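Per-entry structural report
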Amino acid sequence: MSTRRKFLQTSVIGSAAVLTGEQVLAALPKPVINKPVVVSTWDFGKAANAEAWTILGKRGRALDAVEAGVKIPEADPSNQSVGYGGLPDRDGHVTLDACIMDEHYNCGSVMALEHIVHAVSVARLVMEKTPHIVLAGDGALQFALANGFKKENLLTPESEKAWKAWLKTAKYEPVMNVENRLYNKNNDPMPGGPNNHDTIGMVAMDATGSLSGACTTSGMAYKIHGRVGDSPIIGAGLYVDNEIGAATSTGVGEEVIRIVGSHLVVELMRQGRSPEAACKEAVQRIIKRSPEQSKKIQVGFLALNKKGQYGAYALQKGFTYAVKSEKEEKVYASKSIY
């Protein structure tokens with residue numbers, strides 16, 4: 001009994017030591033100072049990154065940078081999956097989803113928002129002006145209008161034409177790289193270019209070492225009216241933990257929601273995975289859940305850790321991501337499982 005008692009006492013003392021605040025803090029990565037970086041999904045993210053850099057390069061806050069950055073594709077009518085000019089749902093409504101998150105776990109989100117170009121800015125006001133995190137539908141629109149946003153028709157002639165053409169067959173299949181159907185090899189250097197795109201997710205680290213992120217989309221083309229994907233869901237389409245890192249996602253949102261994908265990526269980085277390895281493991285989690293379905297759809301993850309390291313991984317080839325820092329401005333092709 002004496003030996004057993006000593007063993008238990010030693011075990012308890014040892015466990016307590018593991019949980020001391022000093023040791024927990026010592027295990028956290030030290031922030032990188034004066035080395036801002038921004039990463040975003042798809043190669044149209046290059047223009048978004050450039051706008052974000054106008055803030056980051058002047059030692060501005062990452063939160064301001066990611067909002068400014070994703071507003072570029074939101075206002076681009078040629079981008080038919082984000083903001084103005086987005087492809088509508090099957091009833092002809094352009095409905096937007098967006099979220100934003102800062103270094104203090106503050107976050108805001110809008111879902112199924114109509115008639116407002118910059119959904120991400122409405123999401124930020126939800127974060128800053130209300131006690132809530134999510135506003136949806138008519139309530140989100142009412143809030144936006146009350147805060148000075150202009151009501152506009154988001155359905156451009158080009159997107160309306162595409163929708164009417166789709167109505168002739170009304171076939172709805174969320175297959176892999178559905179955005180590549182808009183791919184024009186004469187105009188775009190690679191899949192994911194200005195005429196071939198998906199949700200934009202952006203995460204950034206500013207000169208103080210603080211992280212923030214934003215994600216915005218018009219959602220899956222010709223979706224059921226009211227459908228919401230992963231993009232505006234904190235933990236699914238975007239997650240920021242200023243102790244560890246940040247992550248965002250793109251592709252078929254239903255699969256990302258099922259594994260709370262972006263939060264999973266951040267937690268895997270907490271366990272010591274690199275950004276790329278964490279993204280790969282999250283993709284493998286999707287495959288494990290549904291091996292056959294995963295071969296027919298596209299999901300990609302993009303992550304940035306507290307050290308300023310970044311990485312991505314996708315189910316299928318074709319996913320690209322853009323990076324901007326003082327040392328580089330480049331678009332990378334993500335690694336993939338298939």
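Our subject is the structure that appears above.
Note that residues are indexed from 1 along each chain, following the sequence as it is written. Thresholds applied to this predicted model are a pLDDT of at least 70 for local features of residues and 80 or more for the giving and counting of side-chain atom pairs; totals over whole chains, interfaces and linings are not thresholded and use all residues. As a rule here, side-chain values cover all heavy atoms of the structure and leave hydrogens and water aside.

1. Observations concerning the overall build of the protein
The secondary structure content of the protein amounts to ten helices and 13 strands. Burial here depends on accessible area, computed with a 1.4 Å probe over protein chains only, as a share of the maximum for the residue type. Under 20% is buried, over 50% is exposed, and the range in between is partly exposed. The burial tally for the protein puts 54% of its 338 residues in the buried class. Relative to all contacts within the protein whose residues are 6 or more apart in sequence, the contacts with residues 24 or more apart total 65%. As displayed, the protein offers around 15100 Å² of accessible surface, 54% of which is attributable to carbon and sulfur atoms. Comment: elements are numbered from the N terminus, with helices defined as DSSP H or I runs of at least four residues and strands as E runs of at least two. The contact criterion used throughout is that any non-hydrogen atoms of two residues lie within 4.5 Å. Methods summary: accessible areas were calculated by the Shrake-Rupley approach with a probe of 1.4 Å, and residue burial reflects only the protein chains presented.

2. A few points about the side chain of threonine 199
Structurally, threonine 199 is set in the loop between helix 7 (157-167) and strand 5 (200-205). Judged by relative accessible area, which is 5%, threonine 199 ranks as buried. When neighbours within four sequence positions are excluded, threonine 199 is seen to be in contact with Thr41, Trp42, Phe44, Ser81, Val82, Cys215, Thr216, Thr217, Ser231, Ser249 and Thr250.

3. Here we look at the nonpolar core
Put simply, buried Ala, Val, Leu, Ile, Met, Phe, Trp, Tyr and Cys residues joined by side-chain atoms within 4.5 Å make one nonpolar core. If you look at the biggest cluster of nonpolar residues, it comprises 85 residues, and the most contacted ones within it are Ile100, Val110, Leu113, Val265 and Phe301. Ranked by residues supplied to this core, first place goes to helix 5 (residues 119-129) with seven residues.

4. Overview of the pairing of strand 6 (residues 211-217)
Working note: regular strand, side chains alternate between the two faces of the sheet. In terms of residue burial, strand 6 counts as a mostly covered element, since seven of its seven residues are buried. Both faces of strand 6 are covered, namely the face carrying Leu211, Gly213, Cys215 and Thr217 and the face carrying Ser212, Ala214 and Thr216. Pairing between strands is defined by DSSP: at least two bridges between them are needed. Bridge count between strand 2 (residues 96-101) and strand 6: five bridges; the pairing is antiparallel. The residue bridging isoleucine 100 from the neighbouring strand is alanine 214, located in strand 6. Taken together, the six bridges between strand 5 and strand 6 define a ladder with antiparallel strand orientation. Across the sheet, residue methionine 205 finds its bridge partner in strand 6, namely leucine 211.

5. Some thoughts on the sheet that holds strand 13 (residues 335-336)
The strands that make up a sheet are held in pairs by hydrogen bonds between backbone atoms, and each pair lies either parallel or antiparallel. Across the sheet, which stays open at both edges, the five strands sit in the order 7-8-9-10-13 with mixed pairing between neighbours. With partners counted over all chains shown, the strands left at the sheet margins are strand 7 (238-241) and strand 13, one partner each. Note that strand 8 (residues 245-251) and strand 9 (residues 299-305) share seven bridges and pair antiparallel. Looking at the pairing, alanine 247 lines up with alanine 303 of strand 9. Its contacts with the sheet place helix 9 (residues 261-270) against strand 7, strand 8 and strand 9, and it is angled at close to 145° to strand 8. Contacting strand 9, strand 10 (310-314) and strand 13, helix 10 (residues 275-289) runs over the sheet at an angle of about 20° to strand 10. Only the contacting stretch of a helix is used when fitting its axis, a line to C-alpha atoms as for every element, and angles between N-to-C directions run 0 to 180 degrees.

Read these as spatial facts, not as claims about activity.
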